[in-house]
Amino acid sequence: MEEWRRILANSVVKAKDLADHLGVDPKEIEAIVGEYPMRITPTVMATIKEKGDAIWRQVVPDPAELEDEDAEADPLVEDMMSPVPHLVHRYPDRVLLMVTNQCPIYCRFCTRKRLVGKPGFLKKGELDLAIAYLRDHTEVRDVILSGGDPLLLPDHLLERILKALRTIPHLEIIRIGSRVPGTLPERITPKLCEIVKKYHPVYMNLHFNHPDELTPEVKAACGMLADAGVPLGAQTVLLKGINDDPEIMKRLVHQLLLARVKPYYLYQADLTKGTNHFRTTVETGMSIIRALQGHTSGMAVPHFVIDAPGGGGKIPVLPADYLVHLDEDIAVLKNYENKTFHYPQPTKSNGRELPMVGAHSALTACRNGGNGGMDDL
Ligand SMILES: *Cc1c(COP(=O)(O)O)cnc(C)c1O
């Protein structure tokens, strides 16, 4: 057995194991894992510092999961947007392909709580159906492997899928969404990197929610993927009591950049049944973006998005206060220090004069000078 499989098999999955490790009441947990499975890898167990901390809350079942009765199991209506099994086609040029229901850990706030943990990988016949659909749909240029976690597939199955996708001429990029590097770093082997390298461009978006997840082993696993030429992004879910704080989020994005991972999305928590105790207000996310933008590297600032209930897709939410006013003559802007600046719009061909307003006079002078400055470079 491969080393990482042995390590995965040593994860905490039963209420009793959890009681042995962390001293929680197994009775309380048992009822929950019957409904929504638990798995906590050794790496994640080792990262828990105390009961109720930010790592604990992501992976240890909470009775509130079963009390959340009214919410929808599939608020993003993914099941309705699935033309063939395991494939979700919501956007014009890209699709999601769910290749397994297994994950290294079962996040208590999972959007696909209705699916994850059930046994089984994408079967050969199902892969054939998905490939046939993609072959017919020449508008699809981007396929995102998701699940579950695609990196839990054995090497040969992952390679079978990548190889099949690369027989589709119009497919440009392949993406993999994974929480494996952060929770089962031993799975990132030289062999895996060799496989992935053959099918470039392959991008990965890795799931991280808290700076404590970026241990030296986890950073090393990310480094191996980066060395294999995989551009790495991070997806983070805004979670009450876990990372709903600008200081924690700033530490997270800095740790991500150190691990060669570019923060990509910050998600407002979905309305998924069994997860509503994790939701924050939308203002919390906006204030986190406000605390990052301009105050630290632009590279560190993710897009804050709400995956619209009812299947509207991801919609970006920006603090409204950057663009104070916009008309055909002028944009009035506020920077991160709350100072106001003016950007004049280009003049129309009818030769209308540029407005002369305060802070932009140097820019205006440059424009009127004719060559815009670029020719001098
Ligand atoms: C998130 C998502 C994508 C990818 O969206 P990007 O904004 O391109 O990262 C594609 N399909 C579905 C169904 C998604 O949920």
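Sequence order sets the numbering: in each chain, residues are counted from 1 along the sequence as written. Confidence filtering applies because this is a predicted model: local features only for residues at pLDDT of at least 70, side-chain atom pairs given and counted only at 80 or more, and all residues used for totals across whole chains, interfaces and linings. Calculated side-chain values reflect all of the structure's heavy atoms, with hydrogen atoms and water omitted.

### Some thoughts on the domain arrangement of the chain
Looking at the chain, the domain boundaries give domain 1 (63–316) and domain 2 (323–368). Domain extents, as shown, originate in an automatic or database domain assignment. Domain 1 and domain 2 are separated by 40 Å when their C-alpha centres are compared.

### Section: the layout of surface pockets
Computed over the protein atoms alone on a 1 Å grid, cavities are sets of points where a 1.4 Å probe fits but cannot get out and pockets are open sets with protein on both sides within 12 Å along at least five of seven lines; a residue lines them when it has an atom within 4 Å of a point. Grid points are joined across faces, edges and corners, and a volume is the space filled by probe spheres set on the points. Its boundaries defined by the atoms lining it, the largest pocket holds a volume of some 1100 Å³. As for the largest pocket, its lining consists of 48 residues, and the residues nearest its centre are Arg112, Ser146, Gln235, Tyr267 and Lys314. Helix and strand assignments follow DSSP, with helices taken as H or I runs no shorter than four residues and strands as E runs no shorter than two, numbered in order from the N terminus. For the lining of the largest pocket, the elements supplying multiple residues, two or more each, are strand S2 (94–98), strand S3 (142–146), strand S4 (173–178), strand S5 (202–207), strand S6 (232–237), strand S7 (262–267), strand S8 (303–308) and strand S9 (313–316). Only Asp, Glu, Lys and Arg are considered charged in this grouping, and only Ala, Val, Leu, Ile, Met, Phe, Trp, Tyr, Cys and Pro are considered nonpolar; every other residue, Gly among them, is considered polar. Its residues placed into classes, the lining of the largest pocket shows 23 nonpolar, 14 polar and eleven charged. Approximately 190 Å³ is the volume attributed to the second largest pocket. Every residue lining the second largest pocket is listed: Val24, Asp25, Glu28, Ile29, Gly52, Trp56, Arg57, Val60, Pro61, Asp62, His277 and Phe278. Elements supplying a minimum of two residues to the lining of the second largest pocket: helix H3 (26–35) and helix H5 (54–59). When the residues that make up the lining of the second largest pocket are grouped by side-chain class, the tally is six nonpolar, two polar and four charged.

### Details of the environment of Tyr203
For Tyr203, the position within the fold is in strand S5. We call two residues contacting when some pair of their heavy atoms lies within 4.5 Å. The contact partners of Tyr203, leaving out residues within four places of it in the chain, are Ile173, Ile174, Arg175, Ile176, Val230 and Pro231.

### What to know about the sheet that holds strand S1 (residues 87–88)
Two strands form a pair only when DSSP identifies at least two bridges running between them. An order of S1-S2-S3-S4-S5-S6-S7-S8-S9 is seen for the nine strands of this open sheet, with the pairing classed as mixed. Edge positions in the open sheet fall to S1 and S9, since each of these has one partner strand only. Taken together, the two bridges between S1 and S2 define a ladder with antiparallel strand orientation. Pairing of Val88 across the sheet is with Leu96, part of S2.

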